[in-house]
Amino acid sequence: MSVEDIFEKLSSSQEGLSSAESEKRLRIYGFNEIEEEKVNPAKKFAGYFWGPIPWMIEAASIISAIISHWTDFWIIISLLFLNAGVSFWHEHKADNAINLLKQRLATKSQVLRDGKWVVLASRYLVPGDIVRIRLGEIVPADVKLFDGNYLLIDQSALTGESLPVEKHVSEEAYSGSIVQKGEMTALVVKTGANTYFGKTAKLVEKAKTKSHFQKAVVKIGDYLIAFAVFLIILIFLVAMFRHESLLQTLQFALVLLIAAIPAALPAVLSVTMAVGATMLAKKQAIVSKLLAIEEMAGTDILCSDKTGTITKNKLSIVEVESFDPSITEVEVLLYAALASREEDNDPIDNAIIERCKSVKIYERIRFYKTNFFKPFDPVAKRSEATILDQKSGAIFKVCKGAPQVILSLSGNKRIIVSKVQEKVDILASKGYRSLGVAINDTNENWRFAGIISLSDPPREDSRETIKKAQSMGINVKMITGDHIAIAKEICKEVNLGTNIVEASSIGLNKKKEDFQITEEKERRIVENADGFAQVFPEHKYRIVELLQEKGHIVGMTGDGVNDAPALKKADIGIAVEGATDAAKSAAGIVLTQPGLSVIIDAIKESRKIFQRMNNYVIYRIGETIRILLFLTLSILVFNFYPITPIMIVLLVVLNDMPIITIAYDKVRYSPKPERWHMRRVLGIATTLGIIGVASTFILLYIGKDIFQLDSSLLQSLIYLKLSIAGHLFLFVARTRYHFWSIKPSMYLFLAVLGTQIIATLIVVYGILLPAIGWELAIFIWIYSLIEFVIVDFAKIPIYNLLEHKGIKFYR
């Protein structure tokens, strides 16, 4: 049997594949997906021995071998493996969390199985399946089209073609392309790795660009390294002047540089983002682009769709009115039902069909056959069908859509235009949507049949949620394609302002050359508006653009294929529950539950994630300054190396191990949108770090002149103090107010306590380092706790002083 014969047989099938046959083919062809290249765990683990920090640790160990410090050599090598193992484990957990989220964003397809249309995950498609492809969907496999009018497909991501391509019956559509118009039925011919282009478009992509936070942290890292290099040069110059061993000085310089580099940064970022993404998923907001977390924390304007986000999107028909004496209200409803398709599960179609069933006219639909169906187009704002009356043999057309669009088609519009507009205005003032219905049974002009009014009330939580958003510094702007009167009525009900702007009044519906208003005035109008009415999807892009030009970080919701450009343009694109595949792929956050409260919960969680990362940076800068400045001044002024290279490596490893748990720390979300303030971070971290330097010098004096300790014991004493005080400083850095104002998470507390117990046991019993005994160890704990309290109390006036100078803190 030829390929054409097989195609003809399957495409004419009314049953599709059976479940047994599909399972058989799934075993033969495999899942319909392109598996990402799996990284060998051993290879990945080996990767942790490459890069600036491992190289410097390795160099320090080699120098230890050259100068015959074999104990130092083996200790440093062991710590290198320990550090690599901890980083590998944490990042592996983060990767697993992200992979689970990817699975939740998997595309689904309408498939004909066992004679019924069902929705399945696209990965279960097999060659021979019959699928329906609609507007806004991503083509799930290589398919051959066999039923329907046409598809307008965007395959630019696959072929580089800038314009959409029309596809007709018997043509192929390729996996990964996006349907911009039309609806057709198709036969799956190739899946997975066998598709023409070899891979499908991925909904969850790993962003290659760096976020503002990552760029800022890299700058801070560069600053700390430059600071360390400057201090190391001074140490080298002094060592040469004092005729000290350059190899030993080099070894110390290398480990000093290790202390300056935020070694845990990649793991902290990965784990914090992954844990944050998992927490957001529990709030029914799935992160498709990790950078969206940071942008969401800074969002100050949220442009929200009315339908389904502010309102319930549970439409019910309020009334049906005929505008043609020869057409009854029942016929208006029947024509609307014929211009609908039940299997598409469209909210408006569902409301019409439910009403038909309730008034006992749904059975009449079986006497009609749909010869051609044109699904709803968000740009044309109507759907259309060509119908065959199987009793009389008559063929006629019906359409339904926005009243102004249906009216423009009608031959009787001059007679009824004022009456229709008056009715639409009355319904809109009550918050009802209007749907126009028309019939063409003469192949000439359409006749405006009537209006169906639909009610879509606000969600019960919308009013309170909007109030909460406003208290968080977020300006919510409602966007709708409905009449301006409907928009104003809904705004009143949900506590939004009623300054609603029509898209046409600010030039969003006009060409630039026809537009008289200045761009600056246009920006002001958009910024001051409480919402926008009669908005087409392409207008959302311009609204986002104008708000961004005014310096705002904008969140935009959307669900259709035409919303994709605006979702990409927005700082944070949000695909609402039930969104098309195209909208999901463009968005940074995908909601799995309807309502505005989901978005606000996601913003709260994002701000918490931002706080955790911000806390880590303040701690990292302050702690680095405490160590580097103290060590350098001690060497230059007192000609004393207060700790050994091994101690520095121990500090780095033991301090970085528990810092990963900051991803689970308890924080309060900021009452205002978050911004990255370099002056704020550097100011507080540097000041608190210098206080720690002074405290350590006091301890150096006590140990040397009062306790009269020799150099080796003094070094162990200083090491324990730097270790304990360093982690106690984390509890200072993590809050804007006193340390007890926000309790730390149990994970963080136990991790810090555990590593400091290890550090204490090392110096008490002389494991790797000279032993100092329990008395000195207890003294160091008491001394460090006193310093911790002093620094915590000093923190408050420092914050107040910086805020007095215009640098705001919300922690």
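About the criteria used
- Residues numbered from 1 in each chain as written.
- Predicted model: local features only at pLDDT ≥ 70, side-chain atom pairs only at ≥ 80, totals over all residues.
- Heavy atoms only, no water.
- Core = buried A, V, L, I, M, F, W, Y, C linked by side-chain atoms within 4.5 Å.
- Buried < 20%, exposed > 50% of the residue type's maximum accessible area, 1.4 Å probe, protein only.
- Helix = DSSP H or I, 4+ residues; strand = E, 2+ residues; numbered from the N terminus.
- Contact = heavy atoms within 4.5 Å.
- Salt bridge = Lys/Arg side-chain N within 4 Å of Asp/Glu carboxyl O.
- Pairing = 2+ DSSP bridges.
- Axes fitted to C-alpha atoms, helices over the stretch in contact; angles between N-to-C directions.
- Arc of directions from axis to C-beta.
- pLDDT = per-residue confidence, 0-100.
- Expected span 1.5 Å × (residues − 1).
- Parallel < 35°, antiparallel > 145°, perpendicular 65-115°, else oblique.
- Left-handed = near helix turned anticlockwise from the far one by under 90°.
- Nonpolar A, V, L, I, M, F, W, Y, C, P; charged D, E, K, R; others polar.
- Polar contact = N/O pair within 3.5 Å; in protein donor to acceptor, adjacent residues only side chain to side chain.

## Here's the deal with the nonpolar core
Inference 1: Among the nonpolar cores identified, the biggest contains 80 residues, and Ile643 and Tyr719 are the most heavily contacted of them.
Inference 2: It is helix α25 (residues 711-733) that contributes the most residues to this core, 13 residues altogether.
Inference 3: Excluding its chain neighbours within four sequence positions, the residues that come into contact with Tyr719 are Ile643, Met647, Leu650, Leu651, Leu654, Ala759, Val763 and Leu769.
Inference 4: If you look at the next biggest cluster of nonpolar residues, it comprises 38 residues, including Ile466, Ile572, Ile574 and Ile603.

## A few points about the pattern of salt bridges
Inference 1: Enumeration according to the criterion identifies 26 salt bridges in this entry.
Inference 2: In this structure, Arg542 engages Glu545 in a salt bridge whose closest nitrogen and oxygen atoms are separated by 2.8 Å. Residue Arg542 and its partner Glu545 are both found in helix α19 (residues 537-549); the two are separated by 3 residues, about one turn of the helix.
Inference 3: What makes Arg542 buried here is its relative accessible area of 16%.
Inference 4: Beyond isolated ion pairs, a larger network of salt bridges with shared partners links Glu520, Arg523, Glu527, Glu549 and Lys550.

## A short note on the sheet that holds strand β17 (residues 500-502)
Inference 1: With mixed pairing, the 8 strands of this open sheet are ordered in space as β8-β21-β20-β19-β9-β16-β18-β17. In this open sheet, the two strands that pair with only one neighbour each are β8 (285-287) and β17. On average, each strand axis in the sheet is inclined to that of its neighbour by 20 degrees, with strand direction left out of account.
Inference 2: In this fold helix α17 (residues 484-493) packs onto β16 (475-479), β17 and β18 (531-533), with an angle of close to 165 degrees to the strand it touches most, β17.
Inference 3: Most of the contacts of helix α22 (residues 596-638) go to strand β9 (residues 301-305), to which it runs at about 155 degrees, and overall it touches β8, β9, β19 (554-558), β20 (572-575) and β21 (589-591).

## Some remarks on helix α16 (residues 462-471)
Inference 1: Residues Ser462, Thr465, Ile466 and Ala469 constitute the buried set of α16. All buried residues of α16 project into a common sector of 100 degrees when viewed along the axis, lining one side. Facing away from the buried side of α16 by over 90 degrees, the exposed positions are Glu464 and Lys467.
Inference 2: The inward-facing, buried residues of α16 contact α11 (306-310), β16 and α22.
Inference 3: One or two residues past the end of α16 sits Gly473, with phi positive at roughly 80 degrees.

## A look at the confidence of the model for the chain
Inference 1: On average, residues of the chain score 79 in pLDDT, and 80% of them reach the 70 mark or higher.
Inference 2: The model gives residues 199-209 a pLDDT under 50, and that stretch makes 23 contacts with residues more than four places away or in other chains.
Inference 3: Taken as a whole, residues 509-515 scores under 50 in pLDDT and shows 12 contacts with residues more than four places along the chain or in a different chain.

## Section: the sheet that holds strand β11 (residues 368-377)
Inference 1: Taken together, the 6 strands give an open sheet; going across it, the order is β10-β15-β14-β13-β12-β11, and neighbouring strands pair in antiparallel fashion. Each edge of the open sheet carries a strand with a single partner, namely β10 (316-322) and β11. Sheet twist, expressed as the average angle between the axes of neighbouring strands with direction ignored, equals 20 degrees.
Inference 2: With 7 bridges joining them, β11 and strand β12 (residues 382-389) adopt antiparallel strand pairing. Note on β12: the bridge partner recorded for Lys369 is Leu388.

## Points about the environment of Ser288
Inference 1: Within the secondary structure layout, Ser288 lies in the loop between β8 and α10 (291-297).
Inference 2: By relative accessible area, Ser288 is classed as buried at 2%.
Inference 3: Separated by 11 residues in sequence, Ser288 and Ala277 have C-alpha atoms that sit 9.0 Å apart.

## As for unusual backbone geometry
The phi torsion of most residues other than glycine is negative, and most of the peptide bonds are trans.
Inference 1: The phi torsion at Asn495 lies on the positive side, around 70 degrees, for a residue other than glycine.
Inference 2: Mapping Asn495 onto the fold places it in the loop between α17 and β17.
Inference 3: Residue class for Asn495 comes out partly exposed when judged on its relative accessible area of 34%.
Inference 4: In this structure, Gln534 takes a positive phi of about 50 degrees despite not being glycine.
Inference 5: In this fold, Gln534 is placed in the loop between β18 and α19.
Inference 6: Judged by relative accessible area, Gln534 falls into the partly exposed class, the value being 23%.

## A few points about helix α24 (residues 678-706)
Inference 1: Between its first and last C-alpha, α24 extends 41 Å over 29 residues, near the 42 Å set by a 1.5 Å rise per residue.
Inference 2: Positive phi appears at Gln708, one or two residues downstream of α24, with a value of about 55 degrees.

## Observations regarding the packing of α16 against α22
Inference 1: Across the interface, α16 lies against α22 with an axial gap of 9 Å and an inter-helix angle of 25 degrees. Accordingly, the angle class assigned to the pair α16 and α22 is roughly parallel. As α16 packs across α22, the resulting crossing turns out to be left-handed. When α16 is examined against α22, the residues Thr465, Ile466, Lys468 and Ala469 are found in contact with a partner set consisting of Leu596, Ser597, Ile600 and Lys604.
Inference 2: Across the contact of α16 with α22, the residue classes break down as 4 nonpolar, 2 polar and 2 charged.

## Quick word on the side chain of Asp129
Inference 1: Of note, Asp129 is situated in the loop between β2 (116-121) and β3 (130-133).
Inference 2: On the accessibility criterion, Asp129 (0% relative accessible area) is buried.
Inference 3: From its side chain, Asp129 meets the backbone nitrogen of Val126 in a polar contact 3.0 Å long.
Inference 4: Setting aside residues no more than four positions away along its own chain, Asp129 makes contact with Leu17, Val111, Leu112, Arg113, Tyr124, Ala186, Leu187 and Val188.

## Some words on the pairing of β3
Inference 1: Every second residue of β3 is oriented toward a common face, with Ile130 and Arg132 on one face and Val131 and Ile133 on the other, all of them buried.
Inference 2: Of the pairings in the sheet, the one linking strand β1 (residues 108-113) to β3 comprises 3 bridges and is antiparallel in character. If you follow Gln110 over to β3, its bridge partner there is Arg132.
Inference 3: Relative to strand β7 (residues 178-190), β3 runs antiparallel, the two being bridged by 4 bridges. Following the sheet pairing, Ile133 is matched in β7 by Met184.

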